Every structure is written in C-alpha cells, then in structure tokens.
Amino acid sequence: MTPSTAVKAALSSQAIETPSWAYGNSGTRFKVFAQQGVPRTPWEKLDDAARVHRHTGVAPTVALHIPWDRVDDYAALAEHAEGRGLRLGTINANVFQEDDYKLGSVTHPDAAVRRKALAHLLECVDIMDATGSRDLKLWFSDGTNYPGQDDIRSRQDRLSEALTAVYERLGEEQRILLEYKFFEPAFYMTDVPDWGTAYAHCLKLGPRAQVVVDTGHHAPGTNIEFIVATLLREGKLGGFDFNSRFYADDDLMVGSADPFQLFRIMYEVVRGGGFVPEVAFMLDQCHNIEPKIPAIIRSVMNVQEATAKALLVDAEALAAAQAAGDVLGANAVLMDAYHTDVRPLLAEWREERGLDPDPMDAYRRSGWAERIVAERVGGQQAGWGA
C-alpha cells in the first residue's frame with residue numbers, strides 16, 4: 001500500500017461533527033451581525049448541515065445546543081436528519097444564560113439554583129435518549145470574579161455532586177464529555193479551568209466520562225498537543241471542539257490562526273491511536289462576519305488537510321532520528337510532512353467518492369446560498385442565544 005493510499009484509507013474513517021449554532025447568526029458580546037438566509041428553526045439548520053456533508057463527505061453528524069435547538073418532538077428531528085443523510089450528534093447543555101446563574105449553576109451557593117441546573121442537565125440526557133445521541137457535552141461558566149466571593153473547595157464539592165448525578169443517569173452507551181476553559185466569564189477563578197481539573201473529575205466518575213479539548217480555551221503559549229498526547233495515553237480524550245484563537249476564546253475557523261498547531265495536534269492524535277470513533281472531532285465556532293456555510297466547509301477542509309499531513313509523517317524515520325538524538329533530522333521529518341501539499345490527494349479522495357474535488361466551488365455553484373436567501377423570509381432567525 002502506497003503512502004497516499006494509506007492516507008486515503010485512514011481519512012475515510014474520519015467524521016467531523018458540525019455545530020447547529022454555527023449555522024445561525026452569531027458574534028461577539030458587542031454585536032451579532034445578521035445575515036440573509038440564516039436558518040429560522042433547528043430543521044433548517046439541519047438542511048444547511050446536509051449541504052456541508054454533501055460537499056465534503058465527512059460531516060455526517062450535527063451537535064445540538066439546548067435550549068437553542070429545543071423542539072417538541074426530538075424523534076421527528078432525528079428522522080428529519082436521517083432523511084438528509086445526517087445523524088444528531090452531541091447534545092450541549094446550557095446553564096449559563098439565565099439570570100439565576102449569575103453566581104454559578106451547579107456550583108451556585110443556593111441549593112435551589114443548583115437543583116434547577118441539574119434538572120436541565122438531566123433533561124439533556126432525556127433528549128439524548130430521544131435522538132440516539134451518544135455524548136453529552138458539559139461546559140460550565142461557573143466561577144468567581146473576586147477573591148473570597150465563595151469557597152473554592154465547596155464549589156468543587158458541588159460540581160462533583162452534580163456530575164455524579166448526571167453520570168448515574170446515563171445509559172450504558174452514553175458519555176459525559178467535560179469541557180474546560182481557563183477564564184471568561186469568571187475572571188478570578190473558574191470551576192473547571194484546565195484539563196487537569198476536568199481529568200480529575202472524569203477519573204473519579206468512571207470510564208464513560210471523558211475530557212473535551214477546545215483548541216481555543218488555552219492561555220497563549222500552551223502546548224495543546226502535549227495535553228492531547230497525555231489524555232490519549234490515559235484513555236481520557238473524549239473529543240475536540242475545533243476552532244482557532246489569536247488572543248483568547250476567539251472561536252475563529254479552525255486552522256485559520258495557526259495551521260501548524262492544528263497539524264501538531266493531529267499528529268499526536270495519529271501517533272496516540274486516537275483516530276478512532278471514540279474521539280469526537282467536533283467544530284465549535286462563532287461565524288460573525290463570514291458567511292456561515294462556506295466557513296464551516298472551510299473548517300472541515302482545514303481539519304482534513306491537517307489530518308492528511310499528520311498521516312504522511314514518516315514514523316520510522318522520525319523514530320530513528322529521535323533515537324539517534326538527531327534534533328534537526330527529527331524536526332525535518334515533521335516539517336517535510338507539514339509542507340506537503342495534500343490538496344491534490346484530497347481532491348482525488350473526493351473524486352473517488354463521487355464528490356466534487358473542490359467543495360468550496362461546488363457550494364458556490366450549487367445555488368443553495370441564493371435559494372435560502374429567497375426562501376427564508378419572515379420568521380425569527382436563529383442566533384446565538386436563540
């Protein structure tokens with residue numbers, strides 16, 4: 001088997017989940033710029049996601065965010081997805097957008113607020129049962145803004161209690177994916193600020209609790225690939241939220257800020273045996289000024305390109321250089337793979353599957369952008385927080 005054939009075979013097993021909220025209007029805390037043709041319902045979000053999968057061939061699942069994607073009949077929504085060649089994927093809980101959560105949700109000092117937050121998390125598991133979803137992704141904005149505002153240890157106890165209750169409610173094939181973020185909106189102390197805290201809670205919960213690595217949730221200079229390698233080694237990497245950052249949690253298109261970092265991350269995934277269904281490759285992006293669907297297509301392509309380059313690393317040559325202490329030689333092996341133009345290989349891969357070799361151009365020629373602008377008139381556009 002030639003290297004290119006092996007790469008194509010490995011790429012065929014990759015699936016990249018797109019987020020429902022990225023198809024709606026989204027932005028920053030300062031402004032959300034509305035666009036024409038944006039979905040008005042979760043059903044229309046799935047219609048747009050189907051276009052991404054149609055042109056890329058590797059985006060078969062869509063993550064939902066509750067309550068943003070709340071519907072009366074989740075089984076019907078799952079059927080709608082199936083009719084478009086999709087499946088409903090990760091269910092994302094939301095315990096950060098109500099006034100009651102000003103001082104926290106599951107770690108709030110008021111037991112009544114904690115009960116409310118936990119009830120929502122358990123509702124999300126009920127939704128998973130209806131949609132057939134495997135993963136429940138939890139991100140908590142909980143934390144404090146001032147020293148002494150609340151007791152740090154007590155908040156960890158409250159967090160552990162809530163996570164345990166959710167874990168015990170899961171079905172045998174369902175998982176908790178615990179996300180971390182080192183700051184914002186809590187600026188003094190965040191209750192799940194880093195991968196170590198998330199790992200500690202997941203380790204205590206059991207094998208169906210895994211850590212999510214959001215590539216934008218790190219301080220400048222953090223070696224994310226080290227985190228990925230360590231979590232893979234420990235069997236605790238549940239998935240990614242792929243995006244890019246320049247300063248903080250910018251939620252830009254993955255691979256746009258530092259494509260070399262994305263390559264390094266994907267190399268550790270390949271090296272650590274994480275290129276398997278147990279590791280969920282999800283996008284989590286906030287398209288503020290760029291058109292929604294093309295931005296998601298571009299992100300999917302960027303992940304594919306980084307993966308293809310990672311698969312081209314000459315493992316034997318790299319191991320030999322490392323064993324010999326050949327610093328420059330080892331680095332050159334990685335750099336040779338990174339500098340390889342994999343676009344022709346990916347174009348061949350797509351053509352072999354009956355896809356257009358250029359997904360971006362295929363979408364432009366499809367007429368979908370013009371169609372949704374003409375058809376989606378009236379109603380309430382979906383947006384961040386809606």
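First, a word on scope: everything that follows refers to the structure included in this document.

Moving on to the sheet that holds strand E6 (residues 175-179). Strand order around the closed barrel formed by 8 strands is E1-E2-E3-E4-E6-E8-E9-E10, with parallel pairing between neighbours. The average undirected angle you get between the axes of adjacent strands in this sheet is 30 degrees. Sheet topology note: the strand E8 (residues 209-214)/strand E9 (residues 237-242) ladder contains 4 bridges and is parallel. Directly across from Val212, in E9, lies its bridge partner Gly239. Strand contacts of helix H3 (residues 74-82): strand E2 (61-65) and strand E3 (87-92), with the helix running at about 130 degrees to E3, the strand carrying the most contacts. Against the sheet, helix H6 (residues 195-205) engages E6 and E8, with an angle of about 160 degrees to E8.

Here the largest pocket defines a volume of roughly 1300 Å³. Along its surface, the largest pocket is lined by 49 residues, and Trp139, Lys181, Glu184, Asp249 and Trp384 are the ones closest to its centre. Of all the secondary structure elements, the ones that give two or more residues to the lining of the largest pocket are strand E4 (135-138) and strand E5 (143-144). Residues of the lining of the largest pocket, tallied by class, amount to 18 nonpolar, 15 polar and 16 charged.

Take the nonpolar core next. Within the largest apolar cluster, 98 residues are counted, with the highest numbers of intra-cluster contacts made by Leu138, Phe140, Phe240, Phe242 and Phe281. When residues of this core are assigned to their parent elements, the largest contribution, 9 residues, is made by helix H9 (residues 292-311). Excluding its chain neighbours within four sequence positions, the residues that come into contact with Phe242 are Thr215, Val254, Leu262, Met266, Phe281, Met282, Leu283, Asp284, Gln285 and Val303.

Conventions and cut-offs
- Residues numbered from 1 in each chain as written.
- Predicted model: local features only at pLDDT ≥ 70, side-chain atom pairs only at ≥ 80, totals over all residues.
- Heavy atoms only, no water.
- Pairing = 2+ DSSP bridges.
- Helix = DSSP H or I, 4+ residues; strand = E, 2+ residues; numbered from the N terminus.
- Axes fitted to C-alpha atoms, helices over the stretch in contact; angles between N-to-C directions.
- Contact = heavy atoms within 4.5 Å.
- 1 Å grid on protein atoms, 1.4 Å probe; cavity = no way out; pocket = protein on both sides within 12 Å on 5 of 7 lines; lining within 4 Å.
- Points joined across faces, edges and corners; volume = space filled by probe spheres on them.
- Nonpolar A, V, L, I, M, F, W, Y, C, P; charged D, E, K, R; others polar.
- Core = buried A, V, L, I, M, F, W, Y, C linked by side-chain atoms within 4.5 Å.
- Buried < 20%, exposed > 50% of the residue type's maximum accessible area, 1.4 Å probe, protein only.

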